[in-house]
Amino acid sequence: DAGITQSPRHKVTETGTPVTLRCHQTENHRYMYWYRQDPGHGLRLIHYSYGVKDTDKGEVSDGYSVSRSKTEDFLLTLESATSSQTSVYFCAISGERSPGELFFGEGSRLTVL
Amino acid sequence: DQQVKQNSPSLSVQEGRISILNCDYTNSMFDYFLWYKKYPAEGPTFLISISSIKDKNEDGRFTVFLNKSAKHLSLHIVPSQPGDSAVYFCAAALLNAGNMLTFGGGTRLMVKP
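Residues numbered from 1 in each chain as written. Chains lettered and ligands numbered in written order. Predicted model: local features only at pLDDT ≥ 70, side-chain atom pairs only at ≥ 80, totals over all residues. Heavy atoms only, no water.

Notes on the overall build of chain A
Counting secondary structure elements, chain A contains 0 helices and 11 strands. N-terminal to C-terminal, the α/β element order of chain A is β-β-β-β-β-β-β-β-β-β-β. Computed over C-alpha atoms, the radius of gyration of chain A comes to 13 Å, within 12% of the 13 Å expected from 2.2 N^0.38 for 113 residues, which places it in the range of a compact globule. Considered along the principal axes of its C-alpha atoms, chain A spans approximately 40 × 30 × 25 Å. The burial tally for chain A puts 49% of its 113 residues in the buried class. In chain A, the proportion of contacts linking residues at least 24 apart, taken out of those at least 6 apart, comes to 53%. (Helix = DSSP H or I, 4+ residues; strand = E, 2+ residues; numbered from the N terminus. Rg over C-alpha atoms; globule rule 2.2 N^0.38 Å. Buried < 20%, exposed > 50% of the residue type's maximum accessible area, 1.4 Å probe, protein only. Contact = heavy atoms within 4.5 Å.)

Notes on the packing of aromatic side chains
Applying the stated rule across the entire model yields 16 aromatic pairs over all chains. Centroid distance A:F104 to B:Y36: 5.7 Å. Interplanar angle 85°. Geometry classified as edge-to-face. You can see A:F104 sitting in strand β10 (residues 102-104) and its partner B:Y36 sitting in strand β4 (residues 32-38), one on each of two chains. Looking at B:Y36, the relative accessible area reads 0%, which means it is buried. Between B:Y36 and B:F103 the ring centres are 5.7 Å apart and the planes differ by 55°, which places this aromatic pair in the tilted class. Of the two residues, B:Y36 sits in strand β4 while B:F103 sits in strand β10 (residues 100-103), which places them 67 residues apart along the sequence. The class for B:F103 is buried, based on a relative accessible area of 4%. Taken together, the ring pairs in this structure connect A:Y31, A:Y33, A:Y35, A:Y48, A:Y50, A:F90, A:F104, B:Y36, B:F46, B:F89 and B:F103 into an aromatic cluster. (Phe/Tyr/Trp six-rings, centres within 6.5 Å; stacked < 30°, edge-to-face > 60°.)

Some thoughts on the pairing of strand β11 (residues 108-112) of chain A
All names here are of chain A. Residues S108, L110 and V112 point to one face of β11 and are all buried, whereas R109 and T111, pointing to the other face, are not buried. Pairing geometry for strand β2 (residues 10-13) and β11, over 4 bridges, is parallel. What sits directly across from H10, in β11, is R109. Relative to β11, strand β9 (residues 87-94) runs antiparallel, the two being bridged by 3 bridges. Note that in β11 the partner of V88 across the bridge is R109. (Pairing = 2+ DSSP bridges.)

Brief notes about the layout of surface pockets
Empty space left among the atoms is revealed by rolling a probe the size of a water molecule over them. In this model, the largest pocket occupies a volume close to 530 Å³. Contributing to the lining of the largest pocket are 27 residues, with A:Q37, A:V88, A:R109, B:K38 and B:R108 lying nearest its centre. The residue makeup of the lining of the largest pocket, split by class, is 10 nonpolar, 10 polar and 7 charged. (1 Å grid on protein atoms, 1.4 Å probe; cavity = no way out; pocket = protein on both sides within 12 Å on 5 of 7 lines; lining within 4 Å. Points joined across faces, edges and corners; volume = space filled by probe spheres on them. Nonpolar A, V, L, I, M, F, W, Y, C, P; charged D, E, K, R; others polar.)

What follows is the structure in structure tokens.
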């Protein structure tokens with residue numbers, strides 16, 4: 001199994017506070033992704049990275065920023081959390097069994113009060 | 001505007017019978033289609049995929065069918081087992097766009113013993 005860990009796994013915070021979620025991989029994959037999962041919407045891409053310091057926006061990037069200073073770490077930051085950002089966040093790296101395959105972490109559940 | 005849709009939020013099937021999960025898409029440029037399975041409190045896991053140039057792919061109890069003219073794909077599980085109870089997401093990939101996946105909203109499958 002690919003080594004991908006997310007932290008924290010659960011977080012409760014208040015509106016207006018900054019939040020950073022971390023994704024760490026041990027597979028040396030070039031591509032890393034952040035998705036959010038919400039009922040009825042499936043998973044939606046927030047940002048992705050195609051190398052150190054190389055990132056791009058996804059479908060729902062407003063209110064989020066990312067950084068990748070090392071191959072193994074991809075950080076997702078909510079500069080000022082809002083209740084609409086309450087969600088489960090998944091990090092992913094490219095898989096090897098099929099074109100298009102992604103291997104997901106276990107998720108980080110964020111609640112913004 | 002959802003490019004990938006799963007119109008059935010839930011499906012209930014008796015153990016041993018066939019489960020058929022459906023997915024529709026609108027973008028004819030998608031290269032690959034994938035199915036993911038998700039258990040509670042876990043990340044999605046890759047199940048099976050199909051290239052846009054194929055119409056069928058089989059892996060054990062799982063078969064995916066693609067009808068390009070109808071922009072429709074389906075996942076067949078035969079025979080269904082209680083352990084198959086999970087949320088299933090279909091996804092579509094544009095391989096020349098950073099391997100990004102567009103997901104449907106998911107279908108919750110319940111297999112009754």
